[in-house]
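Understanding the architecture of this molecule
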Amino acid sequence: MNRYDVAVVMHIDEELSDMEIHTLEHDLSFSHGIRSACINGRTRHLMVVDYDPEQAYSYDILSTVRDRGYHAALIGL
C-alpha cells in the first residue's frame, strides 16, 4: 500500500463557470485514486489534483479533463 500522494497542477485554458468548476472538482475527486481536486477562486484557471500514483496517473487525469472538451495542460508541482 502506498503511503504518499502526489500533487499535480493543471492549467485549464477556458474560463469556467462556478457550476463547471464544482462539477469538475466533484467528478475528479470521486475518480479512482484521486484524493482531491481543487480550483482556487483567485486562480480559476489552475487546478491542483492530489492522487495516489499507484492507482491513478497524471496523463489519465489530464485526459479526463480534455475528454470533457477543455483545453488543459499539466504544469507540475
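Residues numbered from 1 in each chain as written. Predicted model: local features only at pLDDT ≥ 70, side-chain atom pairs only at ≥ 80, totals over all residues. Heavy atoms only, no water.

This part covers the overall build of the protein. Within the protein, the secondary structure is distributed over two helices and four strands. Here the protein has a C-alpha radius of gyration of 12 Å; the compact-globule value for 77 residues is 11 Å, and the two agree. If one aligns the C-alpha atoms of the protein with their principal axes, the spans along those axes are about 35 × 20 × 20 Å. Looking at the protein as a whole, 32% of its 77 residues are labelled buried. The contacts of the protein with a sequence gap of at least 6 include a subset with a gap of at least 24, amounting to 61%. (Helix = DSSP H or I, 4+ residues; strand = E, 2+ residues; numbered from the N terminus. Rg over C-alpha atoms; globule rule 2.2 N^0.38 Å. Buried < 20%, exposed > 50% of the residue type's maximum accessible area, 1.4 Å probe, protein only. Contact = heavy atoms within 4.5 Å.)

Because the α-helix completes a turn every 3.6 residues, residues three or four places apart line up on one side. Looking at helix 2 (residues 58-67), one finds that the buried residues are Ile61, Leu62, Ser63 and Val65. Packed against the buried residues of helix 2 are strand 1 (6-12), helix 1 (18-29), strand 2 (34-39), strand 3 (46-51) and strand 4 (72-76).

Read from one edge to the other, the open sheet built from four strands follows the order 2-3-1-4, with strand pairing classed as antiparallel. Either end of the sheet is taken by a strand with one partner, and the two such strands are strand 2 and strand 4. Between one strand and the next, the sheet's axes are offset by a mean angle of 25 degrees, whatever the strand orientation. With six bridges connecting them, strand 1 and strand 3 associate as antiparallel partners. Among the inter-strand pairings, His11 is bridged to a residue of strand 3, identified as Leu46. In the packing of helix 1 onto the sheet, contacts are made with strand 1, strand 2 and strand 3, and the angle to strand 2 comes to roughly 165 degrees. Across the sheet, helix 2 lies against strand 1, strand 2, strand 3 and strand 4, angled at about 150 degrees from strand 4, the strand it touches most. (Pairing = 2+ DSSP bridges. Axes fitted to C-alpha atoms, helices over the stretch in contact; angles between N-to-C directions.)

What follows deals with the pattern of salt bridges. Tallied over the full model, the rule gives four salt bridges. The closest approach of N and O atoms between Arg68 and Asp27, which form a salt bridge, is 2.7 Å. Here the residue Arg68 occupies a position in the loop between helix 2 and strand 4, and Asp27 occupies one in helix 1, the gap between them amounting to 41 residues. Residue classification places Asp27 among the partly exposed residues on the basis of a relative accessible area of 29%. Across the pair Asp52 and Arg35 runs a salt bridge, and its minimum N-O distance is 3.3 Å. With Asp52 in the loop between strand 3 and helix 2 and Arg35 in strand 2, this residue pair connects regions lying 17 residues apart in the sequence. You can call Asp52 buried: its relative accessible area is 3%. Each member of the salt-bridge network shares a partner with another, and the members are Asp5, Arg35 and Asp52. (Salt bridge = Lys/Arg side-chain N within 4 Å of Asp/Glu carboxyl O.)

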